[in-house]
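Here's the letter readout for the chains.
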Amino acid sequence: MADQLADLLDPRALRLHETAADRDDAIRRCGDLLVEIGAADPAYVETMLARERSVPTYIGEGVAIPHGTLGGKDLVHRDALAVLRFPTPVDWDGQPVTVCVAIAARGDGHVEILARLADILLDPDQARELREATHPDDVLRLFTAAAQEDSN
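Keep in mind the model is a prediction, meaning the values are calculated, not measured.

(A) Structural view of helix H2 (residues 23–36). Taking 1.5 Å of rise per residue, the 14 residues of H2 would be expected to cover 20 Å, and the 20 Å separating its terminal C-alpha atoms lies within 8% of that figure. Considered for burial, the residues of H2 that qualify are Arg23, Asp25, Ala26, Ile27, Cys30, Gly31, Leu33 and Leu34. If you follow the buried residues of H2, they end up packed against strand E1 (9–15), helix H3 (44–54), strand E4 (80–92) and strand E5 (95–104). One or two steps after H2, the chain reaches Gly38, where phi turns positive at roughly 85 degrees.

So, in structure tokens, the structure goes:
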């Protein structure tokens, strides 16, 4: 079983005041942050871009969940998340994205991580809190609360 969402989110992987020129730049920033915290090999970033070209990761409500291809799993050192907020929305194939939740996962870990993220992102109030978060503690609190709800 994958760790709780909050456990996968290294505080160093929270960037809430980012800018990006376009979708690919935003994905690169996400991937670079996963590399920076030691969760993935630098080559993983290219698999994230390849995933986006084959299966878009925009899920609605201003949120995208970039992650690598199945072939990129071997480039992941440990399961991890990165949260990047773009106060000036990024054009994501015609949709404005203000939050990216990037995933690095080995094996099938991404499936459970996506399911847990969906619990947050499909709740309008929690999704709004994530989009409007301006301090890392806001995001950590949201992810911790989701984990506590899952355990009840």
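(B) Inspection of the packing of H2 against H3 at higher detail. One can describe the packing of H2 onto H3 by two numbers: an axis separation of 9 Å at closest approach and a directional angle of 145 degrees. Note on packing geometry: the crossing formed by H2 with H3 is right-handed. Contacts from Arg23, Asp24, Ile27, Arg28, Cys30, Gly31, Asp32, Leu34 and Val35 of H2 reach H3 at Tyr44, Val45, Met48, Leu49, Glu52 and Arg53. For the contact of H2 with H3, the per-class residue count stands at eight nonpolar, one polar and six charged.

(C) Structural detail: the nonpolar core. By size, the foremost hydrophobic cluster in this structure holds 25 residues, and its most contacted members are Leu34, Tyr44, Met48, Ala82, Phe86, Trp92 and Cys100. If you list the elements that add at least two residues to this core, you get H2, H3, E4 and E5. Per element, the largest residue contribution to this core is six residues, and it comes from E4. The residues contacting Ala82, other than those within four sequence positions of it, are Leu9, Ala13, Leu33, Leu34, Cys100, Val101 and Ala102.

Reading the values: the criteria
- Residues numbered from 1 in each chain as written.
- Predicted model: local features only at pLDDT ≥ 70, side-chain atom pairs only at ≥ 80, totals over all residues.
- Heavy atoms only, no water.
- Helix = DSSP H or I, 4+ residues; strand = E, 2+ residues; numbered from the N terminus.
- Expected span 1.5 Å × (residues − 1).
- Buried < 20%, exposed > 50% of the residue type's maximum accessible area, 1.4 Å probe, protein only.
- Contact = heavy atoms within 4.5 Å.
- Axes fitted to C-alpha atoms, helices over the stretch in contact; angles between N-to-C directions.
- Left-handed = near helix turned anticlockwise from the far one by under 90°.
- Nonpolar A, V, L, I, M, F, W, Y, C, P; charged D, E, K, R; others polar.
- Core = buried A, V, L, I, M, F, W, Y, C linked by side-chain atoms within 4.5 Å.

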